[in-house]
Amino acid sequence: MQLVVARIGRAHGIKGEVTVEVRTDEPELRLGPGAVLTTEPSSVGPLTIEAGRVHSGRLLLRFEGVRDRTAAEALRNTLLIAEVDPEEVPEDPEEFYDHQLIDLDVVTRDGTTVGRIAEVSHLPYQDLLVVRRPDGGEVLIPFVAEIVPEIDLDAQRAVIDPPPGLLDDSQAEIATGRATTDEDS
């Protein structure tokens, strides 16, 4: 099975390094020197990682055959894909691969059906579960423990505890502009 493990960002410096948006909880395993990764678009790869380092909190990679800034910049926005055994699971029981989450039924704590996970969207600060509702609509669920307290792979379901307004706009709590004081009156 193929798993997207990173997206190449902009070139860094003049020696062919690129910044990488990591999309795996196991970068040391998937993005280490010697790893051979397929790519999307496929015409760019496969790419073999020659070296990697962290600079200012960001992962930088250099690939075999990419020796200058121009070649590195040509890789921008390329997805890096690793081949993963479908039976493999992350070491941490609280972590999941995207393919484990896709098609899980989503229900609230009281058992109300919300829909089915169609996609996992990886954003810089958190992941979102894209849930397709029975009526054809979609809802985006932040994939954080407070909102998604339970993933049951055996039962093929994700249990959510949505805050007001996440599933139904009419329940949203509207923030007021500013607090008034006696001086404002």
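Residues numbered from 1 in each chain as written. Predicted model: local features only at pLDDT ≥ 70, side-chain atom pairs only at ≥ 80, totals over all residues. Heavy atoms only, no water.

1. Remarks on the pattern of salt bridges
The test is simple: Salt-bridge detection follows one rule: a side-chain nitrogen of Lys or Arg within 4 Å of a carboxyl oxygen of Asp or Glu. Secondary structure counts use DSSP, requiring at least four H or I residues in a row for a helix and at least two E residues in a row for a strand, with both numbered from the N terminus. Between buried and exposed lies partly exposed: a residue is buried under 20% and exposed over 50% of the maximum accessible area for its type, with that area taken using a 1.4 Å probe on protein chains only.
Under the definition given, this model contains 9 salt bridges. Note that E50 and R62 form a salt bridge whose closest N and O atoms lie 3.0 Å from each other. Linking E50 in strand 4 (residues 47-55) with R62 in strand 5 (residues 58-63), this pair joins segments that are 12 residues apart in sequence. Classification of E50 by relative accessible area gives partly exposed; the value is 28%.

2. Let's talk about the side chain of T108
Where we set the bar: Under the rule applied, a polar contact is a pair of N or O atoms within 3.5 Å (in protein, one hydrogen donor and one hydrogen acceptor; residues adjacent in sequence only if both atoms are side-chain atoms). Contacts are assigned to residue pairs that have any heavy atoms within 4.5 Å of one another.
On the secondary structure map, T108 appears in strand 7 (residues 105-108). Only 2.4 Å separates the side chain of T108 from the side chain of D110, close enough to count as a polar contact. In contact with T108, other than residues within four places in its own chain, are V114, V159, I160, P162 and L167.

3. Thoughts on the pairing of strand 6 (residues 79-83)
Our working rule: For two strands to be treated as a pair, DSSP must find no fewer than two bridges joining them.
Here strand 1 (residues 2-12) runs beside strand 6; their pairing, made up of 5 bridges, is antiparallel. Residue V4 lies in a different strand from strand 6, and its bridge partner there is I81. For strand 3 (residues 36-40) and strand 6, the ladder comprises 3 bridges, and the chain directions are antiparallel. Residue pairing for strand 6: T39 is matched across the bridge by L80.

4. Brief notes about the pairing of strand 1
Bridge analysis of strand 1 against strand 2 (residues 17-22) gives 5 bridges, and the strand direction is antiparallel. Bridge pairing in strand 2 links H12 to E17. Hairpin remark: strand 1 followed by strand 2, antiparallel, with 4 residues in the connecting loop; positive phi at G13, about 75 degrees.

5. A short note on the environment of L166
Structurally, the position occupied by L166 is in the segment after strand 12 (157-160). Sequence separation of L166 and V139 is 27 residues, and the distance between their C-alpha atoms is 8.0 Å. Look past the residues within four positions of L166 in its chain and what remains in contact with it is V139, L140, I141, P142 and I147.

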